[in-house]
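# Inside the fold
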Amino acid sequence: MEIPYTTQPREDTGLYNAKLGIWLFLASEVMLFGALFSSYILLRVGAAEGAWPHGLMNIPIGTFNTVVLITSSVTVVLSWAALKLGNFKRYQKIQAVTVICALGFLGIKTTEYNEKFHHYEIWFNEPMTVAEHPNLMNQSFVEETTINKELIGTVPSLIGHLNYIDKDGEKHHAGIAWTLATLKEKEIEEIEFELDTFHYRIPARIQAQIKKSGKYDKGEHETIRVQVSDLRRMSAFVPAHSTFFAIYFTMTALHALHVLAGAIVIAYILWRNNKLWKRDPERYTNRVEVSGLFWHFVDLVWIFLFPILYLL
Amino acid sequence: MSDDHSSPEYIEAAKKKYWKVFWVLMFGTFITVAMYFVYFEKMWQTVTVALLIATAKATCVAAIFMHLWGEKKLVYQILYATVFFFIGLMWLTLWAMNDAPFMTEWVR
């Protein structure tokens, strides 16, 4: 039995069935991401003052990924146009670029996640003062800018890369997502922290101003040794770190799953399903259109995710 | 992409439009990132500008790339329902923030 309305529109809907199906599916997807966006708003607005981190995202990488996704969106629609013009070879070339872009996006995202998993924050039992430990915070930008000095006069926590000192006094890199419990389990008494202190305490837009002024001397990767007994908490930038990272990983991982699913479908139609083009070119073109609609939706979600997670 | 829009001339013209949208999206991304370096007095100003740019970009993708501009009536009807429930979802969340059940409010 032949499947009806794969190419011809139904009289009552005016659409071929797959197109109606994908739009209904996309409507449900809007609600899925909508629920997460509303959760984000609730968490963000409800966060105590100063509790929402700023400047932890890698903006150049995020921007580059946005460019990659926009490029893939235009290649999807151009490949459909090539099929409409009957040029299958051109379609194959353009759509291959889409798949490369999708894999590129996922590769970059993986690198970004990995970078996060290797960054740590440590909280002290008692806040440390900058005056007592001048290397905790680079002083030049504090003195030459109008930042509230009280805000960073004491440091309740530090951000950076974690090394640990073993019993023989030798330094080693820590693993991924260690906690204070991991240190205690491994009977580690002292850690060495490579500082990345600029972030977190200063709003992103003020950080940008400081960087633009040229007065910013990073002071990163200076090291400080800390006794484990002085620590109250330690966490890598994983979902358990904070509300921000919980919602960041939830939203971006769900989005990345959509990118993966879209890439698989597009690649399947491109390389495994192309006999259909010879048998029924219009039906094949419709499959490309439907997968393209899903892909544009994935792009559309990222258009909102990028500013709210990376820039605001 | 409605079916009466399948002539080679129409598709050729559409291809030019797709490239224009591509550059508009690139420009929008540039503006969004540039905004990061602009200091707004209030946070809500930053949020408003960022979301306006994102909405403009999303509209371009939906209208041109997804061919919503000139789509069949039923697709619009599906999307009207979606928009209604999406707005409901957002508003319910905002209302709920001032509507904590008895004895569950955070006491500072």
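A brief structural summary. (Residues numbered from 1 in each chain as written. Chains lettered and ligands numbered in written order. Predicted model: local features only at pLDDT ≥ 70, side-chain atom pairs only at ≥ 80, totals over all residues. Heavy atoms only, no water.)

## Observations concerning the overall build of chain B
Here is the rule: Secondary structure elements follow DSSP: runs of H or I of four or more residues count as helices, runs of E of two or more count as strands, with numbering from the N terminus. The buried label goes to any residue with under 20% of its type's maximum accessible area, the exposed label to any with over 50%, and the partly exposed label to all in between, with areas taken from a 1.4 Å probe on protein chains only. For this analysis, residues touch if any pair of their heavy atoms sits within 4.5 Å. All accessible areas in this document rest on Shrake-Rupley with a 1.4 Å probe, and a residue is counted as covered only by the protein chains that are shown.
Assigned secondary structure in chain B consists of 3 helices and 0 strands. Element order for chain B, N to C, with α for helix and β for strand: α-α-α. A buried classification covers 34% of the 108 residues belonging to chain B. At a minimum sequence separation of 6, the contacts of chain B that also span at least 24 residues come to 58%. With the model as given, the accessible surface of chain B reaches about 7400 Å², and the carbon-plus-sulfur share is 73%.

## Here we look at the overall build of chain A
Helices and strands together make up the secondary structure of chain A, namely 10 helices and 6 strands. Of the contacts formed within chain A by residues at least 6 apart in sequence, a portion of 80% connects residues at least 24 apart. Only carbon and sulfur atoms are counted for the fraction: they give 57% of the accessible area of chain A, which is about 14100 Å².

## Concerning the side chain of Gln95 of chain A
Residue and element names in this part refer to chain A. Its location among the elements puts Gln95 in helix α3 (residues 88-117). Classification of Gln95 as buried rests on a relative accessible area of 1%. Apart from the residues within four sequence positions on either side, Gln95 is in contact with Thr75, Val76, Ser79, Ile266, Leu270 and Val288.

## Some details on the interface of chain B and chain A
How big an interface is tends to be stated in terms of accessible area lost as the parts join. The test is simple: In short, buried area is how much 1.4 Å probe accessible area vanishes from two parts on joining, totalled over both. Whenever a carboxyl oxygen of Asp or Glu lies within 4 Å of a side-chain nitrogen of Lys or Arg, that contact is scored as a salt bridge. Any pair of nitrogen or oxygen atoms within 3.5 Å is treated as a polar contact; in protein, a donor-acceptor pairing is required on top of that, and neighbouring residues in sequence qualify only through side-chain atoms on both sides.
Of the residues lining the interface, 50 residues belong to chain B; the matching set on chain A comes to 54 residues. In this assembly, chain B packs against chain A so that about 4900 Å² is buried in total across both faces, 81% of it on carbon and sulfur atoms. Taken together, the links from chain B to chain A amount to 1 salt bridge. A salt bridge links Lys19 of chain A to Glu71 of chain B, with the nearest nitrogen and oxygen atoms 3.0 Å apart. Across the contact surface, chain B and chain A share 1 residue pair in polar contact (both at pLDDT 80 or more).

## Some remarks on the pairing of strand β4 (residues 190-195) of chain A
Residue and element names in this part refer to chain A. The test is simple: Two strands qualify as a pair provided DSSP detects at least 2 bridges between them.
Within β4, 5 of the 6 residues are buried, which leaves it mostly tucked inside the rest of the structure. Inspection of the sheet shows β4 paired to strand β5 (residues 223-227) by 5 bridges, in the antiparallel sense. In the sheet register, Glu194 faces β5, and the bridge partner there is Thr223.

## Some details on unusual backbone geometry
Residue and element names in this part refer to chain A. Even without glycine at this site, Tyr5 takes up a positive phi of about 55°. Of note, Tyr5 is situated in the segment before α1 (17-46). Relative accessible area serves as the criterion here: at 27%, Tyr5 is assigned to the partly exposed category. One non-glycine residue, Ala177, lies in positive phi territory at about 55°. Within the secondary structure, Ala177 is located in the loop between β3 (171-173) and α6 (180-185). On the accessibility criterion, Ala177 (35% relative accessible area) is partly exposed.

## Section: the nonpolar core
For clarity, the cut-off: Side-chain atoms within 4.5 Å are what join buried Ala, Val, Leu, Ile, Met, Phe, Trp, Tyr and Cys residues into a set we call a nonpolar core.
Counting residues in each nonpolar core, the largest one holds 98 residues, and the members touching the most others are Trp23, Tyr91, Tyr248 and Tyr284 of chain A together with Tyr18, Phe65 and Met66 of chain B. The biggest single contributor to this core is helix α10 (residues 281-311) of chain A, with 18 residues. In contact with Met66 of chain B, other than residues within four places in its own chain, are Trp23, Leu26, Leu293, His296, Phe297 and Leu300 of chain A together with Val61 of chain B. In this structure, Tyr120, Leu162, Tyr164 and Phe193 of chain A belong to the second largest nonpolar core, which totals 21 residues.

## Some words on the packing of aromatic side chains
Any two aromatic rings considered together are summarised by their centre-to-centre distance and by the angle between their planes. Quick note on the threshold: Under the pairing criterion, centres of Phe, Tyr and Trp rings, with the six-membered ring standing for Trp, must be within 6.5 Å; the plane angle then separates stacked pairs below 30 degrees from edge-to-face pairs above 60, leaving the rest tilted. Geometrically, a charge over a ring is one whose NZ (Lys) or CZ (Arg) sits within 6 Å of the ring centre while staying within 35 degrees of the ring normal.
Per the counting criterion, the structure on display carries 25 aromatic pairs over all chains. Between Phe237 of chain A and Phe245 of chain A, the ring centres sit 4.9 Å apart and the planes meet at 25°, which makes this aromatic pair stacked. Considered together, Phe237 of chain A and Phe245 of chain A belong to a single accessibility category, that of buried residues. Between the aromatic rings of Phe84 of chain B and Phe85 of chain B, the centroid separation amounts to 5.3 Å while the plane-to-plane angle is 80°, which identifies the pairing as edge-to-face. In terms of burial, Phe84 of chain B and Phe85 of chain B fall into one category: exposed. A connected cluster of aromatic rings, assembled from ring pairs, spans Tyr113, Phe117, Phe237, Phe244, Phe245, Tyr248 and Phe249 of chain A. Here the guanidinium or amino end of Arg233 of chain A rests over the ring plane of Trp123 of chain A, the centre of that ring lying 4.5 Å away.

## Considerations on helix α2 (residues 43-65) of chain B
All names here are of chain B. Note the cut-off: Helix span, as expected, comes to 1.5 Å for every residue beyond the first.
With 23 residues, α2 extends 32 Å between its outermost C-alpha atoms, agreeing within 8% with the 33 Å of an ideal straight helix rising 1.5 Å per residue. Residues Thr46, Ala50, Ile53, Ala54, Lys57, Ala58, Val61, Ala62, Ala63, Ile64 and Phe65 constitute the buried set of α2. Positive phi appears at His67, one or two residues downstream of α2, with a value of about 55°.

## Quick look at the pattern of salt bridges
Evaluated as defined, the whole model comprises 10 salt bridges over all chains. Glu190 of chain A is the salt-bridge partner of Arg225 of chain A, the closest N and O atoms lying 3.7 Å from each other. Residue Arg225 of chain A is located in strand β5, and its partner Glu190 of chain A is located in strand β4; the two are separated by 35 residues in the primary sequence. For Arg225 of chain A, a relative accessible area of 45% translates into the label partly exposed. Glu190 of chain A sits in the partly exposed class, given a relative accessible area of 21%. The salt bridge involving Glu12 of chain B is made with Lys15 of chain B; its shortest N-O contact spans 3.7 Å. Taken together, the positions of Glu12 of chain B and Lys15 of chain B, both in helix α1 (residues 8-35) and 3 residues apart, correspond to about one turn of that helix. Take Glu12 of chain B: its relative accessible area is 39%, and that puts it in the partly exposed class.

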